[in-house]
Amino acid sequence: MQNDTQPLNDTLVSKSLSAADYVPTLDAMLARTLERIDLKKRQGLRTPDELWIVDHNDVYTLGQAGKEEHILQRTDTPIIKTDRGGQVTWHGHGQLVIYWLFDLDSLKWSVRNLVSHAEQAIEDVINDCLRSSPSSSDNISAHARRDAPGVYLYADTAATDDSTSTEDSSLDNKIMLGKMASLGFKIKHGFSYHGIAINLNCDLSSFNAINPCGYAGMQMLRLSDFVAMQTDSEAQTEQKMSDSFSYETVTQKLIDNIAKRHAGLIELRAIAPK
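Worth saying up front: this structure is predicted, and the values here are computed from it rather than measured.

Caption draft 1: Highlighting the overall build of the protein chain. Along the backbone of the protein chain there are five helices and eleven strands. Considering the protein chain as a whole, with its 274 residues, one finds that 53% of them fall into the buried category. Contacts in the protein chain between residues far apart in sequence, at least 24 positions, make up 66% of those at least 6 positions apart. Counting every atom, the protein chain has about 13000 Å² of accessible surface; 47% of that belongs to carbon and sulfur.

Caption draft 2: Local environment of the nonpolar core. If you look at the biggest cluster of nonpolar residues, it comprises 43 residues, and the most contacted ones within it are Trp100, Phe102, Ile126, Ile196, Ile198 and Leu254. Residues Trp90, Ala148, Cys202 and Leu204 belong to the second largest nonpolar core, which totals 15 residues.

Caption draft 3: Spotlight on the packing of helix 3 (residues 111-132) against helix 5 (residues 247-262). Interhelical geometry of helix 3 versus helix 5 gives an angle of 140° and a closest axis separation of 9 Å. Put simply, helix 3 runs oblique to helix 5. The crossing of helix 3 and helix 5 is right-handed. In this structure, helix 3 uses His117, Gln120, Ala121, Ile122, Asp124, Val125, Asp128 and Cys129 to contact helix 5, whose residues at the interface are Val250, Lys253, Leu254, Asn257, Ile258 and Arg261. For the contact of helix 3 with helix 5, the per-class residue count stands at seven nonpolar, three polar and four charged.

Caption draft 4: How the structure looks around the pattern of salt bridges. With the rule as written, the count across this model stands at 15 salt bridges. Between Asp38 and Arg42 there is a salt bridge, and its shortest N-O distance comes to 2.6 Å. Placement of the pair is Asp38 and Arg42 together in helix 1 (residues 22-43), with a separation of four residues, close to one helical turn. A relative accessible area of 36% means that Asp38 is categorised as partly exposed. With a closest N to O distance of 2.6 Å, Lys174 and Asp156 form a salt bridge. In this pair, Lys174 is assigned in strand 10 (residues 174-188) and Asp156 in strand 9 (residues 151-156), connecting sequence segments 18 residues apart.

Caption draft 5: Inspection of the layout of surface pockets at higher detail. Taken as a whole, the second largest pocket spans an internal volume of roughly 350 Å³. In this structure, the second largest pocket is lined by 21 residues; those nearest its centre are Arg84, Gly85, Gly86, Leu183 and Gly184. With five residues, the single largest contributor to the lining of the second largest pocket is strand 10. Along the lines of polarity and charge, the residues of the lining of the second largest pocket split into ten nonpolar, nine polar and two charged.

Caption draft 6: Main features of the packing of aromatic side chains. For the coordinates displayed, the defined rule picks out four aromatic pairs. Here the aromatic rings of Trp100 and Phe102 are separated by 5.2 Å at their centres, their planes lie at 55°, and the arrangement is tilted. As far as the burial class goes, Trp100 and Phe102 line up, both buried. Judged by centre distance (6.1 Å) and plane angle (90°), the rings of Trp100 and Phe185 are edge-to-face. One end of the pair, Trp100, is in strand 7 (residues 95-101); the other, Phe185, is in strand 10, with 85 residues separating them in the sequence. Among the residues examined, Trp100 registers a relative accessible area of 1% and is labelled buried. For Phe185, a relative accessible area of 14% corresponds to the buried category. An aromatic cluster is built from Trp100, Phe102, Trp109 and Phe185, whose rings are joined through pairwise contacts. The ring of Tyr152 has Arg145 sitting right over it, with the charged end atom 4.9 Å from the ring centre.

Caption draft 7: Region of interest: the pairing of strand 6 (residues 88-91). Where burial is concerned, the two faces of strand 6 agree: the one with Val88 and Trp90 and the one with Thr89 and His91 are both buried. Where strand 4 (residues 59-62) meets strand 6, four bridges bridge the pair, whose relative direction is antiparallel. For Val59, the partnering residue across the bridge sits in strand 6 and is His91.

Caption draft 8: Spotlight on the sheet that holds strand 6. Reading across the sheet, the three strands line up as 5-4-6 and stay open at both edges, with mixed pairing between neighbours. What marks the edges here is a single partner per strand, and that holds for strand 5 (79-81) and strand 6. Strand-to-strand twist in this sheet, taken as the mean axis angle between neighbours without regard to direction, amounts to 30°.

Caption draft 9: Summary view of helix 5. Helix length check: helix 5, at 16 residues, gives a terminal C-alpha distance of 23 Å against a target of 22 Å (1.5 Å per residue), a fit within 8%. Residues of helix 5 that are buried: Tyr247, Val250, Thr251, Leu254, Ile255, Asn257, Ile258, Ala259, Arg261 and His262. One or two residues past the end of helix 5 sits Gly264, with phi positive at roughly 80°.

Calculation criteria
- Residues numbered from 1 in each chain as written.
- Predicted model: local features only at pLDDT ≥ 70, side-chain atom pairs only at ≥ 80, totals over all residues.
- Heavy atoms only, no water.
- Helix = DSSP H or I, 4+ residues; strand = E, 2+ residues; numbered from the N terminus.
- Buried < 20%, exposed > 50% of the residue type's maximum accessible area, 1.4 Å probe, protein only.
- Contact = heavy atoms within 4.5 Å.
- Areas by Shrake-Rupley, 256 points an atom, 1.4 Å probe, with all protein chains shown as cover.
- Core = buried A, V, L, I, M, F, W, Y, C linked by side-chain atoms within 4.5 Å.
- Axes fitted to C-alpha atoms, helices over the stretch in contact; angles between N-to-C directions.
- Parallel < 35°, antiparallel > 145°, perpendicular 65-115°, else oblique.
- Left-handed = near helix turned anticlockwise from the far one by under 90°.
- Nonpolar A, V, L, I, M, F, W, Y, C, P; charged D, E, K, R; others polar.
- Salt bridge = Lys/Arg side-chain N within 4 Å of Asp/Glu carboxyl O.
- 1 Å grid on protein atoms, 1.4 Å probe; cavity = no way out; pocket = protein on both sides within 12 Å on 5 of 7 lines; lining within 4 Å.
- Points joined across faces, edges and corners; volume = space filled by probe spheres on them.
- Phe/Tyr/Trp six-rings, centres within 6.5 Å; stacked < 30°, edge-to-face > 60°.
- Lys NZ or Arg CZ within 6 Å of the ring centre and 35° of its normal.
- Pairing = 2+ DSSP bridges.
- Expected span 1.5 Å × (residues − 1).

In short, the description is geometric, and any link to function would need to be established separately.
Here is the structure:
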């Protein structure tokens, strides 16, 4: 497991973990959160918040209130019970996982703010990729839902000039195609950990063994089916593809967006009604 830490600003750093097993990553994330809580309580120290960018080895994780009935088939992939919110999901290569180790009280963010910033950051990046790719359909856009955390792709039933706008809070004239990103956080003494998972170019077949996030029949999507993305071999050889994205470029877009939100440079949009 490789570890690379980079400062993003005075109060935020990123930490990259590749080929990471789930349990040691969770243990390290919890230990770091408890350490930060202790430093704040005992010494009044505000430690830098952290974004952990993780490429997980294959694993199914079951949330704190997760129900075993949502695991439809037992495979060779380990199933780990964890302390985040939500039901069962899958993590693995080709999926971008970002854990948000944030001091919410210092940021003056509520838990609802945290979830909304996470969802809107994902919306921003996915919609930017969709708009920038000639291979994508103009009437497809990414949106969060109030009734089910995460980010989903929708197709407009009647395409309009602003059909890809993330400012459109109404989903009345859209058909949901499926889910591209999942969320699951844990809050302890005002500090968040766990985070988000976005399907970029992963093998979606692993989701067939579960009801993703507890929703039977939920269609899981990946970005590479909607925009041109470089393969791993092309990225390694630095082969350039016009109008295409790589796992790394999408990751950097999302890190940049989150860092701006953390610094107060991107404000929350109005949240769509239920």
